[in-house]
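Report on the structure
Spelled out, the chains give:
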Amino acid sequence: MARVQSIAFRALDRHVVEGRADELALVTPSGSLSYAQLLHESASLAGGLRDLGLRAGAPVALSVPDRHTWVVSVLAIVRLGAEPDREAGFRIEGDPATIHTGDEKYELELVLRAGRVDPARAEMHDVGDYGERMERTYGDVLATLLHGGTLT
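Reading guide: rules and limits
Residues numbered from 1 in each chain as written. Predicted model: local features only at pLDDT ≥ 70, side-chain atom pairs only at ≥ 80, totals over all residues. Heavy atoms only, no water. Helix = DSSP H or I, 4+ residues; strand = E, 2+ residues; numbered from the N terminus. Polar contact = N/O pair within 3.5 Å; in protein donor to acceptor, adjacent residues only side chain to side chain. Pairing = 2+ DSSP bridges. Right-handed = clockwise from strand over helix to strand, strands pointing away. Core = buried A, V, L, I, M, F, W, Y, C linked by side-chain atoms within 4.5 Å. Buried < 20%, exposed > 50% of the residue type's maximum accessible area, 1.4 Å probe, protein only. Contact = heavy atoms within 4.5 Å. Phe/Tyr/Trp six-rings, centres within 6.5 Å; stacked < 30°, edge-to-face > 60°.

**Section: the side chain of histidine 100**
The topology assignment puts histidine 100 in strand β6 (residues 98-100). A polar atom in the side chain of histidine 100 sits 3.1 Å from the side chain of glutamate 93.

Have a look at this one:
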């Protein structure tokens, strides 16, 4: 039996590889992103978060009111295999969004730009039931992208 590709790969990378790179993936008052642009933004943010120490299995809290930033942040977290936890010391929150790593605080926009140097790649396979848990946790984002739709 073949293993299913990771949820991060299926939500974004697969669409780009299959030729849907220029199709709209996200449309919000903050702007629109194609599948390729959303992949680039979320992989860049994931790269920056990784540079700050966020790893697979690490807890992270997410509380961002801006839909655009919320979607990019969810996809970055999932790309890294991090675990949602409202009580985590590593937090992405506010508007404008900031990242708290415990004692330090960073502007999300700066972390995203820093991550463009070495964007995080999607793992080919999820560990255990990670993909299913993330679909339950972030279904508002992942269900639409998994089916090739456009988030609003």
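From this point, the discussion proceeds with the structure in view.
**A look at the pairing of strand β3 (residues 59-63)**
Here β3 pairs with strand β4 (residues 83-84) via 2 bridges, running parallel. Bridge pairing in β4 places proline 59 opposite glutamate 83. With helix α3 (residues 67-80) bridging β3 and its parallel neighbour β4, the resulting β-α-β unit is right-handed. By the bridge criterion, 3 bridges tie β3 to strand β5 (residues 91-93) in an arrangement that is parallel. If you follow alanine 61 over to β5, its bridge partner there is arginine 91.

**Quick word on the nonpolar core**
Counting 45 residues, the largest nonpolar core has Leu38, Leu49 and Leu145 as its most contacted members. At the level of elements, α1 (7-17), β1 (24-28), α2 (35-51), β3, α3, α4 (108-115), α5 (130-137) and α6 (139-146) are the ones that each hand at least two residues to this core. For this core, the element with the highest residue contribution is α3, accounting for 9 residues. Filtering out sequence-adjacent residues up to four positions away, leucine 145 remains in contact with Ala11, Leu12, Arg14, His15, Ala25, Tyr35, Leu38, Leu75 and Leu151.

**A few points about the packing of aromatic side chains**
Following the criterion strictly, the structure yields 1 aromatic pair and no others. Plain terms: the ring middles of tryptophan 70 and tyrosine 138 are 5.9 Å apart, the flat faces sit at 75° to each other, and that makes the pair edge-to-face. Highlighted residues: tryptophan 70 in helix α3 and tyrosine 138 in the loop between α5 and α6, separated in sequence by 68 residues. Take tyrosine 138: its relative accessible area is 4%, and that puts it in the buried class.

**Concerning the environment of alanine 11**
Structurally, alanine 11 is set in helix α1. A relative accessible area of 1% means that alanine 11 is categorised as buried. For the pair formed by alanine 11 and glycine 47, sequence separation is 36 residues and the distance between their alpha carbons is 18 Å.

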